[in-house]
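Breakdown of the fold
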Amino acid sequence: MEIRNEPYESDPGGAFVLRASAGRNLLLLLLASLALASAALLGMRFVGRLSPMVILLLSLPMGLAGLVVVAAFLATIHSLRSSLRPSNWSVQIGSQSLVINLRDYRNAIPGEPVPVLQIPLSEIEEAIPVTETWTRTSSRKETRHTPAIRRYVDLVVRGQDTTELSRLLRAERLRNSTKGAENKGPAPFRFHGLHVLVIEPGVVRLVHSKQLVDALGQLLKLSDHRQVDLDKLLAPDPSLMKARAMDLRGERLQATALLAREEGLKLSEAKELLDRAFDPSQD
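Residues numbered from 1 in each chain as written. Predicted model: local features only at pLDDT ≥ 70, side-chain atom pairs only at ≥ 80, totals over all residues. Heavy atoms only, no water.

What the protein chain contains, in helices and strands, is eight helices and 10 strands. Counting across all 283 residues of the protein chain, residues that qualify as buried make up 40%. As displayed, the protein chain has an accessible area near 16,000 Å², and 59% of this comes from carbon and sulfur atoms. (Helix = DSSP H or I, 4+ residues; strand = E, 2+ residues; numbered from the N terminus. Buried < 20%, exposed > 50% of the residue type's maximum accessible area, 1.4 Å probe, protein only. Areas by Shrake-Rupley, 256 points an atom, 1.4 Å probe, with all protein chains shown as cover.)

Right under this line is the structure:
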């Protein structure tokens, strides 16, 4: 197993390559454009019926709502543009090895190398389809409980040290958009979609997709599907360890809210405690 940097422009063609769909991003852009146009038209009609005093009182919340809609529209444009670049790939499977892009394609900066993980197929003992379920709890005054589900494929690489990979992934998640070699400013958006995780030592976890499972099934041993109830699994653990488990799965807001709720902390205090307790440099 090896971590290395590849040029931003490198395009791993010629083998199975899992990419984000440009067509899907185009559809999202069309929907966002429709939402923006509808919000603008309805907003003008609504404001036209109000008195100047009411308009003044509502200017701040309406302005914030408008900024959210515009931000969503700009984010979909950024996603579409990113999906048309060479850095749009997450997993490559060849006859001898599997290569994983450790950076979300939407966070790639032109000119900046992309960190990748290469795992020889001979080092993968088995691939396990996994489904995890848990209850997501809101952090608002009116607590709401909603079911959540995530599907993954666990690649068991026992005997391989995943410590450095875990550090790099966390640093990647916390990484601020930096200036690329050919880019004079930071990337306009920061996305937190995670397609690769390290939940436990010796296991590299990938987000499930049918194409990925079909490709892996032709080269590796696929074990029986595993169903995990995180609520039951994490119930005996201290609140900090529960928050750590959710944070590792990319559920940053849920982890912070859980720690704040169970320890009686403010959200800012819970975030600081979580960061301090699991600083990558201290792992």
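On to the sheet that holds strand 5 (residues 114-120). Ordered by their spatial adjacency, five strands build an open sheet running 1-5-4-3-2, and the pairing between neighbours is antiparallel. Of all the strands in the sheet, just strand 1 (2-6) and strand 2 (16-18) have a single pairing partner and so form its edges. In this sheet, adjacent strand axes meet at a mean angle of 20 degrees when their direction is disregarded. (Pairing = 2+ DSSP bridges. Axes fitted to C-alpha atoms, helices over the stretch in contact; angles between N-to-C directions.)

Time to look at the layout of surface pockets. A water-sized probe, rolled over the atoms, reveals where empty space remains. Quantified by volume, the largest pocket comes out at close to 920 Å³. Around the largest pocket sit 35 residues that line it, and Ala 20, Asp 104, Tyr 105, Arg 106 and His 195 are the ones nearest its centre. Looking at the lining of the largest pocket, the elements with two or more residues in it are helix 1 (22-48), helix 2 (52-83), strand 7 (145-156), strand 9 (203-207) and helix 4 (210-219). Looking at the lining of the largest pocket residue by residue, the classes come out as 14 nonpolar, 12 polar and nine charged. (1 Å grid on protein atoms, 1.4 Å probe; cavity = no way out; pocket = protein on both sides within 12 Å on 5 of 7 lines; lining within 4 Å. Points joined across faces, edges and corners; volume = space filled by probe spheres on them. Nonpolar A, V, L, I, M, F, W, Y, C, P; charged D, E, K, R; others polar.)

By size, the foremost hydrophobic cluster in this structure holds 25 residues, and its most contacted members are Leu 98, Ile 100, Leu 155, Val 204 and Leu 216. By residue number, the principal contributor to this core is helix 4, which donates four residues. For Ile 100, the contacting residues outside a window of four places in its chain are Trp 89, Ser 90, Pro 115, Val 116, Leu 117, Ile 119, His 195, Val 196, Val 204 and Leu 206. Counting 17 residues, the second-largest nonpolar core is a separate cluster that includes Ile 128, Leu 234, Ala 243 and Leu 258. (Core = buried A, V, L, I, M, F, W, Y, C linked by side-chain atoms within 4.5 Å. Contact = heavy atoms within 4.5 Å.)

Turning to the packing of aromatic side chains, a few remarks are in order. Throughout the structure, instances matching the rule amount to zero aromatic pairs. The ring of Tyr 152 is capped by Arg 205, whose NZ or CZ atom sits 4.5 Å from the centre of that ring. (Phe/Tyr/Trp six-rings, centres within 6.5 Å; stacked < 30°, edge-to-face > 60°. Lys NZ or Arg CZ within 6 Å of the ring centre and 35° of its normal.)

This part takes up the packing of helix 6 (residues 239-248) against helix 7 (residues 252-263). Interaxial distance between helix 6 and helix 7 falls to 8 Å at its minimum, and their mutual angle equals 170 degrees. Regarding the angle of helix 6 to helix 7, the classification is roughly antiparallel. Packed against helix 6, whose contacting residues are Ser 239, Leu 240, Lys 242, Ala 243, Met 246 and Asp 247, the element helix 7 presents Arg 252, Gln 254, Ala 255, Leu 258, Leu 259, Glu 262 and Glu 263 at the interface. (Parallel < 35°, antiparallel > 145°, perpendicular 65-115°, else oblique.)

A separate point is the environment of Leu 84. Tracing the chain through its elements places Leu 84 in the loop between helix 2 and strand 3 (91-93). A relative accessible area of 63% means that Leu 84 is categorised as exposed. When the C-alpha atoms of Leu 84 and Ala 22 are compared, they prove to be 6.7 Å apart, with 62 residues separating the residues in sequence.

Attention now goes to the sheet that holds strand 9. One open sheet holds the five strands; their spatial order is 8-9-7-6-10, and the pairing between them is mixed. One side of each edge strand has no neighbouring strand; the edge strands of this open sheet are strand 8 (196-197) and strand 10 (226-229). Here strand 8 pairs with strand 9 via two bridges, running antiparallel. The residue of strand 9 that forms the bridge with Leu 197 is Arg 205.

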